[in-house]
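So you can see what is in the structure, the chains are spelled out below.
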Amino acid sequence: YETDGGHGRVVLESADLELRSARSMRIRSGGEVSIEGRRVVSRAVDGSGNRESAIRLDPDTAQIAARETVIASKTGEASAERFDVDGGSAHVRLGRLVLAARRFETLAGTVVESARNVYRKVRELSQIRAGRIRTIADGDAQLRARRVVHHGRESYKVKSDKIHLA
């Protein structure tokens, strides 16, 4: 144990240091608490030693491993050159979501959307390429354009009680 100039220091040049307590252990500081090493690991283990949560810090990697992870903050930010998320499902509840991307792709076996209103604005081309298309409206349906071209390769059917051609 050394003290010099108001600093206390424990120096072990050639031995490991283990602090052990049968009860709680607390580190308090009025300033910064710093833990440095080639690898820093913090673990919480249940009484049987079967489950653990861990935080591992390597010079290039930070890992959080737990059965459940909760992050709560007034504001937050994540930044990465590449960001991958893998899992069984994701549930997101937000008041507003804004996505800004140079290119946005969705790949899915089935896409189900439900909304009160949907508004899309496309500056150039909006194209749907499908095996079949079905549009169902409980009320009116409108198509408005400067010019309309419909083409059926084999047949074209129009069915209604009244057909108005003006």
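Everything that follows concerns the structure shown earlier in this document.
Colleague: Just to check I follow, could you spell out the overall build of the protein for this structure?
Modeller: The secondary structure content of the protein amounts to zero helices and five strands. The order of α-helices and β-strands along the protein, N terminus first, is β-β-β-β-β. The C-alpha atoms of the protein give a radius of gyration of 31 Å, which is well past the 15 Å a tight globule of 166 residues would have. Dimensions along the principal axes, computed over C-alpha positions, put the protein at roughly 100 × 40 × 30 Å. Counting only residues that meet the buried cut, the protein has 1% of its 166 residues in that class. Expressed as a percentage of contacts within the protein between residues at least 6 apart in sequence, the contacts between residues at least 24 apart total 0%. Element-wise, carbon and sulfur atoms account for 45% of the exposed surface of the protein, whose accessible area totals about 19500 Å². Taking the 31 positively charged and 23 negatively charged side chains of the protein as two groups, their mean positions are separated by 14 Å.

Colleague: For this particular structure, what's the right way to read a nonpolar patch on the surface?
Modeller: On the surface, Val10, Leu12, Leu17, Leu19 and Met25 cluster together into a nonpolar patch covering about 540 Å² of accessible area. With a relative accessible area of 57%, Leu17 lands in the exposed category.

Colleague: Got a minute to help me understand the sheet that holds strand E5 (residues 62-65) in this structure?
Modeller: Across the sheet, three strands lie side by side as E3-E4-E5; this open sheet has antiparallel pairing. Sheet topology places strand E3 (40-45) and E5 at the edges, where each strand pairs with a single neighbour. Direction aside, neighbouring strands of the sheet carry axes that sit 5 degrees apart on average.

Colleague: Got a minute to help me understand the pattern of salt bridges in this structure?
Modeller: Where charged atoms from two side chains of opposite charge approach closely, those side chains can pair. In this structure the tally under the stated criterion is seven salt bridges. In this structure, Arg120 engages Glu113 in a salt bridge whose closest nitrogen and oxygen atoms are separated by 4.0 Å. Each of the two residues, Arg120 as well as Glu113, counts as exposed.

Colleague: Sorry, what's going on with the layout of surface pockets here?
Modeller: Sizing a probe to match a water molecule and rolling it over the atoms shows the empty space that remains. Reported here for the largest pocket is a volume of approximately 310 Å³. Residue lining of the largest pocket: Thr135, Ile136, Ala137, Ala141, Gln142, Leu143, Arg144, Ala145, Val148, Val149 and His150, and that is the complete set. Of the residues assigned to the lining of the largest pocket, the class counts are seven nonpolar, three polar and one charged. Taken as a whole, the second largest pocket holds about 240 Å³ of empty space. In terms of lining residues, the second largest pocket is bounded by Ile133, Val149, His150 and His151. Its residues placed into classes, the lining of the second largest pocket shows two nonpolar, two polar and no charged.

Basis of the calculations
Residues numbered from 1 in each chain as written. Predicted model: local features only at pLDDT ≥ 70, side-chain atom pairs only at ≥ 80, totals over all residues. Heavy atoms only, no water. Helix = DSSP H or I, 4+ residues; strand = E, 2+ residues; numbered from the N terminus. Rg over C-alpha atoms; globule rule 2.2 N^0.38 Å. Buried < 20%, exposed > 50% of the residue type's maximum accessible area, 1.4 Å probe, protein only. Contact = heavy atoms within 4.5 Å. Areas by Shrake-Rupley, 256 points an atom, 1.4 Å probe, with all protein chains shown as cover. Lys, Arg positive; Asp, Glu negative; His and termini not counted. Charge placed at Lys NZ, Arg CZ, Asp CG, Glu CD. Patch = residues over 30% accessible without salt bridge, like charges linked within 9 Å, V, L, I, M, F, W, Y side chains within 5 Å. Salt bridge = Lys/Arg side-chain N within 4 Å of Asp/Glu carboxyl O. Pairing = 2+ DSSP bridges. Axes fitted to C-alpha atoms, helices over the stretch in contact; angles between N-to-C directions. 1 Å grid on protein atoms, 1.4 Å probe; cavity = no way out; pocket = protein on both sides within 12 Å on 5 of 7 lines; lining within 4 Å. Points joined across faces, edges and corners; volume = space filled by probe spheres on them. Nonpolar A, V, L, I, M, F, W, Y, C, P; charged D, E, K, R; others polar.

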